[in-house]
Amino acid sequence: MQNIIQEEMTLNEKLNILSDAAKYDVSCTSSGVERKGDGTGMGNCSKAGICHSFSADGRCISLLKILFTNECIYDCKYCINRASNDVVRTSFTPEEICTLTMEFYRRNYIEGLFLSSGILKSPDYTMELIYAALYRLRHVCNFQGYIHVKAIPGADPRLVQMTGFLADRMSVNVELPTAESLRLLAPHKSRKNILAPMRLVQNQITENKQEIRLYRNAPRFVPAGQSTQMIIGATPETDYQILNVAESLYKKFGLKRVFYSAFVPVNEDRDLPVLKDNQPPLLREHRLYQADWLLRFYHFEAHELLDEENPNFNILLDPKCCWALKHLEVFPIEINKADYRLLLRVPGIGYKSAARIVKARRLGVLQFEDLKKMGVALKRALYFITCAGRMMYPVRIEEDYITRNLLNTKEKIPEGAYGMTYRQLSLFDDANFSGVNGI
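Residues numbered from 1 in each chain as written. Predicted model: local features only at pLDDT ≥ 70, side-chain atom pairs only at ≥ 80, totals over all residues. Heavy atoms only, no water.

(A) Main features of the overall build of the chain. Check the secondary structure of the chain and you find 16 helices and 12 strands. Taken over 439 residues, the chain has a buried fraction of 51%. (Helix = DSSP H or I, 4+ residues; strand = E, 2+ residues; numbered from the N terminus. Buried < 20%, exposed > 50% of the residue type's maximum accessible area, 1.4 Å probe, protein only.)

Here it is in structure tokens:
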């Protein structure tokens, strides 16, 4: 039946089906690798060469993003391609994958390939087809652009290893945050089978780095690292649980990225949640990405951002602002003296701005005008910093007051500060204000 379906469909019809089926997989990125073409083949993999586009639901898509097949032997309750769904099924051949990639590249539509897949017949059979497509693309078509491919859980480790030497990045989706949720919504999958190829990729990356030190021309294994994806909102885990899982994956498996995908209700099932107006929890997804950024670049830990008493993120304020409001005893900090890690904890100061501050203050005393030129968002930062002992406005270091002003985005100057100028910070600034209240 599979061959009959393929013979009846044109390549363009397959592309329409399998590109649409791939849109729910957000574990797609083109960063982290710099490999230039050698002039004999097609394409290169320089960071600046990757183009980006956006899907209809606002997700960032860079590369030709397709499934090898939308046929699947599994019946995951949240997946549009599950075995029990009555959808049109089709598959590419390795030759068709190569044709699409090369022709799209020649037309300047894409700079690389993102290839995922359902499970056709068995994990080994599917992984063999993916390997065949990548081998042909690299060695027959001489394609030297970016390739991101999915490792199929349960496939022979040797197949995963061979494929890794042809790809720039690999990913194995953990699917759901906990093993209990996986048993409920994806009973044919197991956490053990998912983590096994993830560990294999991690170990092989480590070994390959040693080989490259000894042999400069040794083949590269997944040079851009590995990533994964979790579906958010399909199961009852809190943000605290999800963030702890992500932190554990970063520490134990050395992942480059954890992607969060807001649950999209594409199937009807009694074990799936009913969303209000059928709207995916995109704001929750956004807050998790912000927190994930804090884990990776700002030296935060999951327990600092959330705990069992406050297990979910504030929908009104970003995680960094929430942390700062709960730790006002740390602020205000002096921009000209605070160390780099403390600067990173100030709302409105990014890791690039913090580095610029540390470098620039060696040459002189920084003022607020200088911070603005460095990219600091003073609308948020002004409540938490001083420059040469002065605050930008006479603001109160009090949670309710700062929260009210942070939420009042239309105001350029904090409430009660009109007509006032810089002043020296006093030890008695907060003497007339009562204790901090929660928000």
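(B) Just empty space enclosed by the protein, in detail. Applying the stated rule across the entire model yields one cavity of 30 Å³ or more. One number sums up the size of the largest cavity: a volume of about 750 Å³. Surrounding the largest cavity, 40 residues form its lining, Y78, C79, N173, E175 and K189 being those nearest its centre. Listed by contribution, the elements that provide at least two residues to the lining of the largest cavity are α7 (191–214), β7 (226–232) and β8 (257–262). Of the residues belonging to the lining of the largest cavity, the class tally is 21 nonpolar, 13 polar and six charged. (1 Å grid on protein atoms, 1.4 Å probe; cavity = no way out; pocket = protein on both sides within 12 Å on 5 of 7 lines; lining within 4 Å. Points joined across faces, edges and corners; volume = space filled by probe spheres on them. Nonpolar A, V, L, I, M, F, W, Y, C, P; charged D, E, K, R; others polar.)

(C) Here's a closer look at the pattern of salt bridges. If you walk through the whole model with that rule in mind, you get 13 salt bridges. Between D269 and R82 there is a salt bridge, with the nearest N and O atoms lying 3.7 Å from each other. One end of the pair, D269, is in the loop between β8 and α9 (282–297); the other, R82, is in the loop between β3 (64–67) and α3 (94–106), with 187 residues separating them in the sequence. Note on D269: relative accessible area 23%, which makes it partly exposed. The shortest N-O distance in the salt bridge between R183 and E180 comes to 3.8 Å. Here R183 pairs with E180, and both are found in helix α6 (residues 179–185), just three residues apart, close to one helical turn. By sharing partners, the salt bridges in this structure join K77, R270 and D271 into a single network. (Salt bridge = Lys/Arg side-chain N within 4 Å of Asp/Glu carboxyl O.)

(D) Quick peek at the pairing of β7. Of all seven residues in β7, seven are buried; the element is thus mostly enclosed. Residue alternation in β7 divides its side chains into two sets, Q226, T228, M230 and I232 and S227, Q229 and I231, and both sets are buried. Here β7 runs beside β8; their pairing, made up of six bridges, is parallel. Across the sheet, Q229 pairs through a bridge with F259, a residue of β8. Taken together, β7, helix α8 (residues 239–253) and β8 form a β-α-β motif whose crossover is right-handed. (Pairing = 2+ DSSP bridges. Right-handed = clockwise from strand over helix to strand, strands pointing away.)

(E) Up close: the pairing of strand β4 (residues 112–116). Counting buried positions along β4 yields five of five residues, so the element is predominantly enclosed. Side chains of β4 alternate between two faces, with G112, F114 and S116 and L113 and L115 buried alike. By the bridge criterion, four bridges tie β3 to β4 in an arrangement that is parallel. Pairing of K65 across the sheet is with F114, part of β4. Remark: the β3/α3/β4 crossover connection has right-handed handedness. In this sheet, strand β5 (residues 146–150) lies alongside β4 in parallel orientation, the contact comprising four bridges. Across the sheet, the residue bridging to L115 is V149, located in β5.

(F) Geometry of the packing of α7 against α8. Closest axis-to-axis distance for the α7/α8 pair is 10 Å, and the angle between their directions is 40°. Comparing their axes, α8 and α7 come out oblique. Between α7 and α8, the contacting residues are L195, M198, R199 and Q202 on the first element and L249, K252 and F253 on the second. Looking at the contact of α7 with α8 residue by residue, the class counts come to four nonpolar, one polar and two charged. (Axes fitted to C-alpha atoms, helices over the stretch in contact; angles between N-to-C directions. Parallel < 35°, antiparallel > 145°, perpendicular 65-115°, else oblique. Contact = heavy atoms within 4.5 Å.)

(G) Layout of helix α13 (residues 351–360). Along α13, the positions that sit buried rather than exposed are S353, A354, I357 and V358. Buried residues along α13 cover an arc of 140° about the axis, so they all sit on one side. In α13, the exposed positions that point more than 90 degrees away from the buried face belong to K352 and K359. Turning to α13, the residues buried within the fold contact α12 (340–343) and α14 (368–373). (Arc of directions from axis to C-beta.)

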